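# Coordinates in review
Residues per chain are reported as follows:
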Amino acid sequence: DQQVKQNSPSLSVQEGRISILNCDYTNSMFDYFLWYKKYPAEGPTFLISISSIKDKNEDGRFTVFLNKSAKHLSLHIVPSQPGDSAVYFCAARDTGRRALTFGSGTRLQVQP
Amino acid sequence: EPEVTQTPSHQVTQMGQEVILRCVPISNHLYFYWYRQILGQKVEFLVSFYNNEISEKSEIFDDQFSVERPDGSNFTLKIRSTKLEDSAMYFCASRASSGANGELFFGEGSRLTVL
């Protein structure tokens, strides 16, 4: 039961360009969404989050957009840097739980 | 910067053996979690722990699994009789906020290999 889906397993962009990572969800009870970055042999690191009452949240080079009607969110990284190369996980929390449901991840490769 | 620490970083065990994975959450955090990631798959929730009891658990967290906070700092995950399919990276996480929001802080993980 894939409640959080990241349909692109990998993405490659040039340094300085925009990276757009997408995430779709099916559970309408999700009210809080997070993006985590993960390097090999490390734990996930929190990047940015958004509440369902908002449609955009920005933090430096990272912006998350939420389209509730489409049950879709995206993470924009501008400009992309080689150090951004990692696996990015979308995660969501529903109102009745504290646990996060993760997507399967998208591996981002930023080419110098 | 405070961080979640996990030991061991890698453990190899024989099928049927008991394994204990240890975690030291961030000191002022109130909520503790275990997640796992089987190689090539998504990060999966196992269990959450608050106020010295399990607050939520997934279908994965069956009778072979248990968690404990034996003292004020450690949070452990025990697998009583390991199976081959328990081989995974196990992540401990903690969270401060008692509200709905508040991100999880993850440790670097403990890799468990069951032979």
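Reference entry: report on the structure contained in this document.

Each value, and the rule that gives it
Residues numbered from 1 in each chain as written. Chains lettered and ligands numbered in written order. Predicted model: local features only at pLDDT ≥ 70, side-chain atom pairs only at ≥ 80, totals over all residues. Heavy atoms only, no water. Buried < 20%, exposed > 50% of the residue type's maximum accessible area, 1.4 Å probe, protein only. Helix = DSSP H or I, 4+ residues; strand = E, 2+ residues; numbered from the N terminus. Pairing = 2+ DSSP bridges. Contact = heavy atoms within 4.5 Å. Buried area = accessible area lost by both parts, 1.4 Å probe. Salt bridge = Lys/Arg side-chain N within 4 Å of Asp/Glu carboxyl O. Phe/Tyr/Trp six-rings, centres within 6.5 Å; stacked < 30°, edge-to-face > 60°. Lys NZ or Arg CZ within 6 Å of the ring centre and 35° of its normal.

## A word on the pairing of strand E8 (residues 72-77) of chain A
Residue and element names in this part refer to chain A. By the criterion of burial, E8 is predominantly enclosed, with five of the six residues buried. Inspection of the sheet shows strand E3 (residues 19-25) paired to E8 by six bridges, in the antiparallel sense. Bridged to Cys23 within E8 is Leu73. As paired strands, strand E7 (residues 62-67) and E8 are joined by six bridges and run antiparallel to one another.

## Observations regarding the environment of Ser58 of chain B
Residue and element names in this part refer to chain B. In this fold, Ser58 is placed in the loop between strand E6 (53-57) and strand E7 (65-68). Put simply, Ser58 and Phe45 are 13 residues apart on the chain and 6.5 Å apart in space, counted from C-alpha to C-alpha. Apart from residues lying up to four places away in sequence, Ser58 is in contact with Phe45 and Leu46.

## Some remarks on the interface of chain A and chain B
Taken together, the contact between chain A and chain B spans 20 residues of the former and 19 residues of the latter. Of the roughly 1,700 Å² buried where chain A meets chain B, counting both sides, 55% is carbon and sulfur surface. Summed over the three residues of chain A that lose the most area to chain B, namely Pro44, Arg98 and Phe102 of chain A, the buried surface amounts to 31% of that side. The interface formed by chain A and chain B includes zero salt bridges.

## Some thoughts on the packing of aromatic side chains
All told, the structure shown has 18 aromatic pairs over all chains when counted by the stated rule. Taken together, the ring pairs in this structure connect Tyr36, Phe46, Phe89 and Phe102 of chain A together with Tyr33, Tyr35, Phe45, Phe91 and Phe106 of chain B into an aromatic cluster. Arg95 of chain B extends its terminal NZ or CZ atom over the ring of Tyr31 of chain B, reaching a point 4.3 Å from the ring centre.

## Some points on the pairing of strand E11 (residues 106-111) of chain A
All names here are of chain A. Only one face of E11 is covered, namely the one carrying Thr106, Leu108 and Val110; the face carrying Arg107, Gln109 and Gln111 has none of its residues buried. As judged from the five bridges shared by strand E2 (residues 10-14) and E11, these two strands associate in the parallel manner. Opposite Ser12, over in E11, you have Gln109 as the bridge partner. Here strand E9 (residues 86-94) runs beside E11; their pairing, made up of three bridges, is antiparallel. Each residue of the ladder has a partner; that of Tyr88, found in E11, is Thr106.

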